[in-house]
Amino acid sequence: MMIDPVALFLLLLSASTPILFAALGELVVERAGVLNLGVEGMMILGALAGFAAAYHSGNPFLGFAAAALAGALVALPFAALTQFLLANQVASGLALTLFGLGLAAMFGKPLEGVKAPGMAPGPFRINWIVWLGLAMVPLIWWFLNRSRSGLILRAVGENHDAAHALGYKVRAIRLGAIAFGGAMAGIGGAYISIATVLQWTEGMTAGAGWIALAIVVFSSWSAPGVLAGAWLFGGVTVLQLRLQAAGVRVPVQFLSMAPYLATILVLVLISARQKYSRRAGSAAPGSLGQNFHALR
Amino acid sequence: MNRRQLMASVAALSAVTLAQPSWAQEEPLKVGFIYVGPVADGGWTYQHDQGRLAIEAEYGDRVQTTYLENVPEGTDAERALTQLALAGNDVIYATSFGYMDAVINVAAKFPDVKFEHNTGYKRAENVGTYDGRFYEGRAVMGTIAGRMTESNKIGYIATFPIPEVLQGINSAYLHAKKVNPDVEMRVVWAYTWFDPAKEADAATALMAEGVDVILQHTNSTAPLAQLQQAGKIGFGQASDMSAFAPSPRVSAVVNNWGAHYVKSIGRVLEGTWQPEAVWGGIGDGIVAIGEITEAVPAEVKAEAEALRDAIAAGEYHPFTGPLNKADGSAWLAEGEVAKDEDLSGMNFYVEGITAEIPQ
């Protein structure tokens, strides 16, 4: 029995795309110092809006555009609550997830049972959106590490008081990051509804947003790390299914646990490195999850 | 509300009912449902809600139905059931396995309310159970799968290694094998009832192994979407999934709970309701076979329908000997039919399926 590695890799690419998008978006948000736990809510609204637009227009790409817009829009109340009303970020993010799941369930009623138009595959029979996701990895790496605006965004995330003292508009920059994170989560969700399932069902993202949040931590807040994390999660999922389909005796439960064990292991290694190395500080942005007020 | 207040209000409610029996009879029969998912799931809960609507259509003003959706299994279910009982419901249907203990606990506090629990096995004075013989439907799907496969490999997306799922896998395999001796069965355990992304991955993994007909026990349409893109075929599960007809969805096993609900409410209205263990199949109307589409050749369709009718009439049982277990040991002798208690504890594959059941 042989498993074709190329076929397996193609499966992996498709399976990891939703979490890759959502995690890249959340990476930028967290690098700006904001912890948005609403990824799942933004994904499900993206899945719904994208599906609705693709169904009514007959054009899947229009669907992805609508999903990005919807994700960004629904992130704005979160931004308003945390950046202007200084609400707790954890609570607001959780509220956004619950709100998104409920709102999507309500507006999704008329779309039950209908089917989205199929998508023609892109180059090498790989979906265009998968290519877009892969292209976003170097782009976001370059933005965060080589571009001036990216470095400013990181400065805001590392120490918002210092960035403010230098004259950077902390709240405006964070607002932009949150909207970008929402758009990315929306596209990730829409990949499930438009490219994978082709139908709308309530709760269809099934926890992908939470995995995306874990991947950002796993990656130590770097874009290549996010790709590695998404491939690890996606890869283990498709590998265990593929092995089962081939009739190989595999301990399914252990393979399902593997990505989570890997995350815990990475977290332990990161904190051990902090404890024993001279380099102070963790990989997490310094101001992550803290609210900023200019008068303080 | 603490327990004392609860008991007090229960006492008050029953006092009202006892004091005015004539008033109580003129009121419509109140029927409550708790659902584990949203009505909009397009599968399990949707079919239960169709059953609720069937009661309303049948009895009109004589009944009044309500439902609570998205009720998690566990302690929350007890609260929801108590709420329905306190609201004056005369009959309560609990539509998920995990509500079992909650139903038994709440039923003990409300002896005048009739409870029915779906897919469970615990019963009491006022608690009955009801379930479907879905393996009967799988036999029909297996026949179609065996005839339709060109690669002689059929796949099954399984949920959890429990008797109901093993009945489905074995029944589908046996009937595919009967019409196509070369057929092989590949099983993938998804460890979920509903996760579209994972179900899609499972379908793709099976197709990469050369499988060209897939049966699913999971509830989303994601596998059908993948099958459509690849030009392969599959079947609807729980609900008809007719959005994917005529192909890839060539037929479906439909949970038609309305057939049971209408009968059960009829007995309550007549005053003849008893706590029973109902396990109904195609013959009782609880398991329905979705329309077999034109993607299936006419002679295969006729063969599948003949099998369906034979099962419905009770002339044929999907598990009829001689049958061996996968380890080679004998299970059923020539002409012997599987007993219900054997089926409800099924924990093995039949001979011919080479995979391992996860423990």
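Everything numeric in this text was worked out from a predicted model, so none of it was measured. (Residues numbered from 1 in each chain as written. Chains lettered and ligands numbered in written order. Predicted model: local features only at pLDDT ≥ 70, side-chain atom pairs only at ≥ 80, totals over all residues.)

1. Details of the overall build of chain A
Argument step 1. Regarding its fold elements, chain A presents eleven helices and zero strands.
Argument step 2. Sequence-ordered secondary structure for chain A, helices as α and strands as β, is α-α-α-α-α-α-α-α-α-α-α.
Argument step 3. Relative to a compact globule of 296 residues, whose C-alpha radius of gyration would be 19 Å, chain A shows 19 Å and is just as compact.
Argument step 4. By principal-axis analysis of the C-alpha atoms, chain A measures approximately 60 × 50 × 30 Å.
Argument step 5. Here chain A holds 296 residues, and the buried ones make up 51% of them.
Argument step 6. Considering only intrachain contacts with a sequence separation of at least 6, the fraction spanning at least 24 residues in chain A is 80%. (Helix = DSSP H or I, 4+ residues; strand = E, 2+ residues; numbered from the N terminus. Rg over C-alpha atoms; globule rule 2.2 N^0.38 Å. Buried ≥ 20, exposed ≤ 12 C-beta atoms within 10 Å, placed from the backbone. Contact = placed C-beta atoms within 7 Å.)

2. Some remarks on the UniProt feature "domain: ABC transporter substrate-binding protein PnrA-like" (unreviewed entry) in chain B
Argument step 1. Mapped onto the present numbering, the UniProt feature "domain: ABC transporter substrate-binding protein PnrA-like" (unreviewed entry) falls at residues 30–306 of chain B.
Argument step 2. Secondary structure across residues 30–306 of chain B divides into 41% helix and 23% strand, with the first and last C-alpha atoms of the span separated by 40 Å. (UniProt positions renumbered as here; feature names shortened; annotations may be inferred.)

3. Considerations on the UniProt feature "transmembrane region" (unreviewed entry) in chain A
Residues and elements named next belong to chain A.
Argument step 1. The residues that UniProt annotates with the feature "transmembrane region" (unreviewed entry) are residues 32–54, 61–80, 86–107, 128–144, 175–198, 210–234 and 254–272.
Argument step 2. Between the C-alpha atoms that bound residues 61–80 the distance is 29 Å, and the span itself is 100% helix and 0% strand.
Argument step 3. Segment residues 86–107 splits into 86% helix and 0% strand. End C-alpha atoms: 29 Å apart.

4. Regarding the interface of chain B and chain A
Argument step 1. Each partner contributes residues to the interface: chain B has 32 residues there, and chain A has 33 residues.
Argument step 2. Elements supplying a minimum of two residues to the side of chain B that touches chain A: β7 (184–189), α8 (196–208) and α9 (222–230) of chain B.
Argument step 3. Sort the elements by how many residues they give to the side of chain B that touches chain A and α8(B) lands first, with ten residues.
Argument step 4. Its residues placed into classes, the side of chain B that touches chain A shows 18 nonpolar, seven polar and seven charged. (Nonpolar A, V, L, I, M, F, W, Y, C, P; charged D, E, K, R; others polar.)

5. Considering unusual backbone geometry
Argument step 1. The omega angle of the peptide bond from S247(B) to P248(B) is 15 degrees, so this bond is cis rather than trans.
Argument step 2. Looking at the element boundaries, P248(B) is found in the loop between β9 (233–238) and β10 (249–255).
Argument step 3. Residue P322(B) is reached from G321(B) by a cis peptide bond, and omega for that bond is 5 degrees.
Argument step 4. Of note, L86(A) is a non-glycine position whose phi angle comes to about 55 degrees, a positive value.
Argument step 5. Note on placement: L86(A) falls in the loop between α3 (60–84) and α4 (89–108).
Argument step 6. For N70(B), which is not glycine, the phi torsion reads 55 degrees and is therefore positive.
Argument step 7. Locating N70(B) in the fold gives a position in the loop between β2 (63–68) and α4 (75–86).
Argument step 8. We classify N70(B) as partly exposed; it has 18 C-beta atoms within 10 Å.

6. Details of the sheet that holds strand β11 (residues 277–280) of chain B
What holds strands together in a sheet is hydrogen bonding between their backbones, with the strands either parallel or antiparallel.
Residue and element names in this part refer to chain B.
Argument step 1. As summarised here, the arrangement of the six strands in space is β2-β1-β3-β4-β5-β11, forming an open sheet in which the pairing is parallel. Bordering the open sheet on either side are β2 and β11, each of which pairs with just one other strand. Within the sheet, the average angular offset between the axes of one strand and its neighbour, ignoring direction, is 20 degrees.
Argument step 2. Direction of pairing for strand β3 (residues 91–94) relative to strand β4 (residues 114–118): parallel, over a ladder of four bridges. Within β4, the position partnered with A94 by the bridge is H117. (Pairing = 2+ DSSP bridges. Axes fitted to C-alpha atoms, helices over the stretch in contact; angles between N-to-C directions.)

7. Observations regarding the sheet that holds strand β12 (residues 287–290) of chain B
Residue and element names in this part refer to chain B.
Argument step 1. Strand order in the open sheet formed by six strands is β7-β6-β8-β9-β10-β12, and the pairing between neighbours is mixed. If you trace the sheet from one side to the other, it starts and ends with β7 and β12, each paired once. Across the sheet, the mean angle separating the axes of adjacent strands is 15 degrees when strand polarity is ignored.
Argument step 2. Where strand β6 (residues 153–158) lies against strand β8 (residues 213–216), four bridges are found, and the strand directions are parallel. Counted as the bridge partner of I154 is V213 from β8.
Argument step 3. Against the sheet, α9 engages β6, β8, β9 and β10, with an angle of about 165 degrees to β9.

8. Details of the domain arrangement of chain B
All names here are of chain B.
Argument step 1. Parsing chain B into structural domains produces domain 1 (3–132) and domain 2 (135–254 + 289–343).
Argument step 2. Spacing between the C-alpha centres of domain 1 and domain 2 amounts to 33 Å.
Argument step 3. Opposite the six residues of domain 1 that make contact, domain 2 presents five residues.
Argument step 4. Class assignment for the residues of the side of domain 1 that touches domain 2 results in two nonpolar, three polar and one charged. (Domains from an automatic or database assignment.)

9. Concerning the nonpolar core
Argument step 1. Counting residues in hydrophobic clusters, the biggest one holds 189 residues, and the most contacted among them are A23(A), L81(B) and V188(B).
Argument step 2. No fewer than three residues from each of domain 1 (3–132) and domain 2 (135–254 + 289–343) of chain B sit in this core.
Argument step 3. Once residues lying within four places of it in the same chain are set aside, the contact partners of A23(A) are A212(A), I215(A), V216(A), V226(A), G229(A) and A230(A). (Core = buried A, V, L, I, M, F, W, Y, C linked by C-beta atoms within 7 Å.)

10. Observations regarding the packing of helix α6 (residues 134–148) of chain B against helix α7 (residues 163–179) of chain B
Residues and elements named next belong to chain B.
Argument step 1. Running from amino to carboxyl end, α6 crosses α7 at an angle of 35 degrees, the nearest separation of the two axes being 7 Å. At the point where α6 passes α7, the crossing takes the right-handed sense. From α6, F134, Y135, R138, A139, M141, G142, T143, A145, G146 and R147 reach across to α7, where they touch E164, Q167, G168, S171, A172, Y173, L174, H175, A176, K177 and V179.
Argument step 2. The residue makeup of the contact of α6 with α7, split by class, is ten nonpolar, seven polar and four charged. (Left-handed = near helix turned anticlockwise from the far one by under 90°.)

11. Regarding helix α6 (residues 148–158) of chain A
Argument step 1. Turning to α6(A), its buried residues number three or more, namely L153(A), R154(A), A155(A), V156(A) and G157(A).
Argument step 2. Along its buried surface, α6(A) packs onto α1 (5–31), α5 (128–146), α7 (160–165) and α8 (170–197) of chain A.

12. So, helix α9 (residues 208–218) of chain A
Residue and element names in this part refer to chain A.
Argument step 1. Burial within α9 is extensive, with eight of its eleven residues counted as buried.
Argument step 2. Among the residues of α9, those classed as buried are A208, G209, I211, A212, L213, I215, V216 and F218.
Argument step 3. Of the residues flanking the end of α9, it is S220, one or two places downstream, whose phi is positive at about 50 degrees.

13. Let's talk about the pairing of β9(B)
Residue and element names in this part refer to chain B.
Argument step 1. Within β9, six of the six residues are buried, which leaves the element mostly enclosed by the surrounding structure.
Argument step 2. Summarising the sheet, β8 and β9 pair through two bridges and their orientation is parallel. Residue pairing for β9: V213 is matched across the bridge by I233.
Argument step 3. With respect to chirality, the unit in which β8 leads through α9 into the neighbouring parallel β9 is right-handed.
Argument step 4. Of the strand pairs in this sheet, β9 and β10 are connected by five bridges, and their pairing is parallel. Residue pairing in the sheet places G234 in a bridge with R249 of β10. (Right-handed = clockwise from strand over helix to strand, strands pointing away.)

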